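The residues making up each chain are set out below.
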Amino acid sequence: MATKIDTCGLSCPQPVLMFMNEVKKDADGEFDVLVDTDASKENVTRAARNHGFKVEPVDEGNDVVRLEIRRN
């Protein structure tokens, strides 16, 4: 089961830092990161890909996107 990380309402770099803290706890884990800004979406996606993850964005409505982050 994926670890859910809700970063809605937070500005960068906080969403990236929250994601990276969870990766430190479970480097091979699966993560669902909720973001509500384009900047957060792009920055979390970039950080995840740089650490060997694949990212699938899913529109949740109300300007929220769930980033499904899984190991390649």
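Note: the structure precedes this text.
In this report, the structure presented in the accompanying data block is examined. (Residues numbered from 1 in each chain as written. Predicted model: local features only at pLDDT ≥ 70, side-chain atom pairs only at ≥ 80, totals over all residues. Heavy atoms only, no water.)

### Focus on the sheet that holds strand β4 (residues 64–71)
Right, so step 1: Here we have four strands laid out as an open sheet, ordered β1-β2-β4-β3, and mixed in their pairing. Here the strands that pair on one side only, and so sit at the sheet edges, are β1 (3–6) and β3 (53–61). Strand-to-strand twist across the sheet, computed as the mean angle between neighbouring axes with direction ignored, equals 20°.
Right, so step 2: Here β3 pairs with β4 via eight bridges, running antiparallel. Pairing of Asp59 across the sheet is with Val65, part of β4.
Right, so step 3: On top of the sheet, helix α1 (residues 14–25) reaches β1, β2 (31–35), β3 and β4; it is set at about 160° to β1, its chief contact.
Right, so step 4: Contacting β2, β3 and β4, helix α2 (residues 38–50) crosses the sheet at an angle of about 155° to β3. (Pairing = 2+ DSSP bridges. Helix = DSSP H or I, 4+ residues; strand = E, 2+ residues; numbered from the N terminus. Axes fitted to C-alpha atoms, helices over the stretch in contact; angles between N-to-C directions. Contact = heavy atoms within 4.5 Å.)

### Here's the deal with the pairing of β4
Successive residues of a regular strand alternate their side chains across the two faces of the sheet.
Right, so step 1: Counting buried positions over the eight residues of β4 gives six, a clear majority of the element.
Right, so step 2: The antiparallel hairpin formed by β3 and β4 contains two residues in its connecting segment, where Asn62 sits at a positive phi of about 55°. (Buried < 20%, exposed > 50% of the residue type's maximum accessible area, 1.4 Å probe, protein only.)

### Considering the pairing of β1
Right, so step 1: Of the strand pairs in this sheet, β1 and β2 are connected by four bridges, and their pairing is parallel. When the sheet's bridge partners are listed, Thr3 is paired in β2 with Phe31.

### Examining the pattern of salt bridges
Right, so step 1: For the structure on display, the rule yields six salt bridges.
Right, so step 2: A salt bridge links Arg70 to Asp32; the nearest nitrogen and oxygen atoms lie 3.1 Å apart. Pair noted here: Arg70 is in strand β4 and Asp32 is in strand β2, with a separation of 38 residues, a long-range link. Exposure class is identical for Arg70 and Asp32. Each is buried.
Right, so step 3: One salt-bridge network, held together by shared partners, links Glu30, Asp32 and Arg70. (Salt bridge = Lys/Arg side-chain N within 4 Å of Asp/Glu carboxyl O.)

### As for the nonpolar core
Right, so step 1: One finds Phe19, Phe31, Val33, Val44, Phe53, Leu67 and Ile69 to be the most contacted residues of the largest nonpolar core, which totals 16 residues.
Right, so step 2: At the level of secondary structure, the elements contributing two or more residues to this core comprise α1, β2, α2, β3 and β4. (Core = buried A, V, L, I, M, F, W, Y, C linked by side-chain atoms within 4.5 Å.)

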